[in-house]
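A closer look at the structure
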Amino acid sequence: MLGGPKIDIYMAHTADGIPRGMRWLDDIDSQLKSSHWLFMLVPDPEQHRDWLIHEGDKFRDCMLKRIHRLICVHSPGLNPPDVFKEFQAVKARSDDIKSLLRQLFTSADAIPG
């Protein structure tokens, strides 16, 4: 497990894709509800963004109940989707990513539990 017992990474998409016949939407929603952080890697605006917005909205709905953080990581030349502009975003530049990771792994309140 990456980062010890407090960090568990869930990725819905694997090299093989989502298994056929699986109730994948329920699985993704369940993972979002139990997560403390959501890292959204924002693609180019010309690429498909519907799932990014769906997952971000689901996660944002859960944020009112617990300590959560929604992090939009985006290309320095682009902005996050409008619906997530209320959250502090991170430009995909080396120094900004290093600062984010430093905060994640050294801040006492970064990961509850």
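For the structure itself, look to the data block above.
Residues numbered from 1 in each chain as written. Predicted model: local features only at pLDDT ≥ 70, side-chain atom pairs only at ≥ 80, totals over all residues. Heavy atoms only, no water.

**Section: the packing of helix 1 (residues 24-34) against helix 2 (residues 50-63)**
The N-to-C vectors of helix 1 and helix 2 enclose an angle of 45°; their axes lie 9 Å apart at closest approach. When the axes of helix 1 and helix 2 are compared, the pair comes out oblique. In this structure, helix 1 meets helix 2 at a crossing whose hand is right-handed. Within the contact between the two elements, helix 1 uses Trp24, Leu25, Ile28, Asp29, Leu32 and Lys33 and helix 2 uses Trp51, His54, Glu55, Lys58, Phe59 and Cys62. (Axes fitted to C-alpha atoms, helices over the stretch in contact; angles between N-to-C directions. Helix = DSSP H or I, 4+ residues; strand = E, 2+ residues; numbered from the N terminus. Parallel < 35°, antiparallel > 145°, perpendicular 65-115°, else oblique. Left-handed = near helix turned anticlockwise from the far one by under 90°. Contact = heavy atoms within 4.5 Å.)

**Details of the sheet that holds strand 1 (residues 37-41)**
In space, the three strands of this open sheet follow the order 1-2-3, with parallel pairing throughout. The outermost strands of the open sheet, each flanked by one partner alone, are strand 1 and strand 3 (90-91). With two bridges connecting them, strand 2 (residues 69-74) and strand 3 associate as parallel partners. Bridge pairing links valine 73 to valine 90 in strand 3. (Pairing = 2+ DSSP bridges.)

**Remarks on the pattern of salt bridges**
According to the stated counting rule, one finds five salt bridges in the structure shown. Between aspartate 29 and lysine 58 there is a salt bridge, with the nearest N and O atoms lying 3.4 Å from each other. Of this pair, aspartate 29 sits in helix 1 while lysine 58 sits in helix 2, and the two are 29 residues apart along the sequence. Looking at lysine 58, the relative accessible area reads 30%, which means it is partly exposed. (Salt bridge = Lys/Arg side-chain N within 4 Å of Asp/Glu carboxyl O. Buried < 20%, exposed > 50% of the residue type's maximum accessible area, 1.4 Å probe, protein only.)

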